[in-house]
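Letter by letter, the chains look like this.
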Number of protein chains: 2
Amino acid sequence: MKKQQQLYKGSLSAIIMKLLEQNGRMYGYEITQKVKEITVGEMNLTEGALYPALHKMEADGFLDVEMEKVDGRIRKYYKLTESGIKETDNKMEELENFVRNMQSIVNLKLT
Amino acid sequence: MKKQQQLYKGSLSAIIMKLLEQNGRMYGYEITQKVKEITVGEMNLTEGALYPALHKMEADGFLDVEMEKVDGRIRKYYKLTESGIKETDNKMEELENFVRNMQSIVNLKLT
DNA sequence: TGCCATACCTAAGATTAATAAGTATGAAAA
DNA sequence: TTTTCATACTTATTAATCTTAGGTATGGCA
């Protein structure tokens, strides 16, 4: 049993937005699975964090939603709005600056 | 006026510990100045976050304190304990894993 | 039948940083 | 000389964001 990577608080929205940017549209559960897949199980987005985050981003006008019934189950597909695309760029710049600054301070070893 | 970099929550203790590891011992105010200097003003540790964090790390046994009076002012010098050194390694490994995973997900552009 | 994966949801709690306010010294500027 | 600024510490309140822990429901498989 591998140790779960804890999320640094503030990074979740960047993850969501970037995945939506890359994939066009996704539904919540799909996002959790994608993150698990990409990080080989090291990161696990909890649903208790994910869904409220999606709702907030929608309320903020960064995401649009489409409901679809697939195999008897409801899926809510999210995609970035125009404003969401801009916000994605902002978030990414912030994240990159953060990592750069952390690099300077703590001398990260990234293989 | 440059935009201040917000801290991703969870990163503060890693910053403090790594600076103490590099510099042997430091006092609170010195840590804030060091971070400002290294990041060219982009990061600004708020004192309301820093001091409580130092107190908690001391309470957790990761830091030792020495009080000194310099120029009529009290300074509290902190240094890592044995347990603090181990914790520093853990924190750094976590941080590196986090950045690696973020790399895989969002494709960070680091100059 | 019961369990598991899928797919959504929310309430309560914990953690952690920001904001804002305070105390105090000493040096430099007005 | 009075005020302002940098130094140096402190704490309480607020805000943001995640975890934990529950809940509902469908459909496939053992």
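Residues numbered from 1 in each chain as written. Chains lettered and ligands numbered in written order. Predicted model: local features only at pLDDT ≥ 70, side-chain atom pairs only at ≥ 80, totals over all residues. Heavy atoms only, no water.

Here we come to the protein's contact with DNA strand C. Near DNA strand C, the surroundings consist of 24 residues, among which Lys9(A), Tyr27(A), Tyr29(A), Arg75(A) and Lys76(A) are the closest. Per the 4 Å cut-off to the protein, sugar and phosphate atoms form 69% of the nearby atoms of DNA strand C. Within the side chain of Tyr27(A), one N or O atom sits 2.7 Å away from a phosphate oxygen of DNA strand C. In the model, a base oxygen of DNA strand C is placed 3.4 Å from a nitrogen or oxygen of the Lys9(B) side chain. When residues of the surface near DNA strand C are traced back to their parent elements, those giving at least two are helix H2 (28-38), helix H3 (47-59) and strand E3 (73-80) of chain A together with helix H3 (47-59) of chain B. For the surface near DNA strand C, the leading source of residues is H3(A), giving five residues. Split into classes, the residues belonging to the surface near DNA strand C amount to eight nonpolar, eight polar and eight charged. (Near = heavy atom within 4 Å. Polar contact = N/O pair within 3.5 Å; in protein donor to acceptor, adjacent residues only side chain to side chain. Helix = DSSP H or I, 4+ residues; strand = E, 2+ residues; numbered from the N terminus. Nonpolar A, V, L, I, M, F, W, Y, C, P; charged D, E, K, R; others polar.)

Quick look at the relation of the copies chain A and chain B now. For these two chains of identical sequence, chain A goes onto chain B by a turn of 180° and a shift of 0.0 Å along the axis, with RMSD 0.0 Å. A rotation of that kind, with that shift, is consistent with a two-fold axis. Taking C-alpha positions as the reference, the residue of chain A nearest the rotation axis is Lys9(A), at 2.3 Å. Both copies present the same face, since 100% of the interface residues in chain A are matched by interface residues at the equivalent positions in chain B. (Least-squares fit on C-alpha atoms with pLDDT ≥ 70 in both. Contact = heavy atoms within 4.5 Å.)

Here we come to the packing of helix H1 (residues 12-23) of chain A against H2(A). Residue and element names in this part refer to chain A. H2 packs onto H1 with a crossing angle of 95° between their chain directions and a minimal axis gap of 11 Å. The angle between H1 and H2 places the two elements in the roughly perpendicular class. The segment H1 lies against H2, with Ile 15, Ile 16, Leu 19 and Asn 23 engaging Ile 31, Lys 34, Val 35 and Ile 38. Broken down by class, the residue content of the contact of H1 with H2 amounts to six nonpolar, one polar and one charged. (Axes fitted to C-alpha atoms, helices over the stretch in contact; angles between N-to-C directions. Parallel < 35°, antiparallel > 145°, perpendicular 65-115°, else oblique.)

This paragraph deals with the packing of aromatic side chains. The full count for this structure, using the stated rule, is four aromatic pairs over all chains. When the ring of Tyr8(A) is compared with that of Phe98(B), the centres are 4.6 Å apart and the planes differ by 40°; the resulting orientation is tilted. One end of the pair, Tyr8(A), is in the segment before H1; the other, Phe98(B), is in helix H4 (residues 82-106), on a second chain. In this structure, Tyr8(A) and Phe98(B) share a single accessibility class: buried. Note on Tyr27(A) and Tyr77(A): the rings are 5.3 Å apart at their centroids and 80° apart in plane angle, and the pair reads as edge-to-face. With a gap of 50 residues between them, Tyr27(A) in strand E1 (residues 26-27) and Tyr77(A) in strand E3 connect regions that are remote in the sequence. Each member of the pair, Tyr27(A) together with Tyr77(A), is buried. If you follow Arg25(A) out to its NZ or CZ, it ends over the ring of Tyr77(A), 3.7 Å from the centre. (Phe/Tyr/Trp six-rings, centres within 6.5 Å; stacked < 30°, edge-to-face > 60°. Buried < 20%, exposed > 50% of the residue type's maximum accessible area, 1.4 Å probe, protein only. Lys NZ or Arg CZ within 6 Å of the ring centre and 35° of its normal.)

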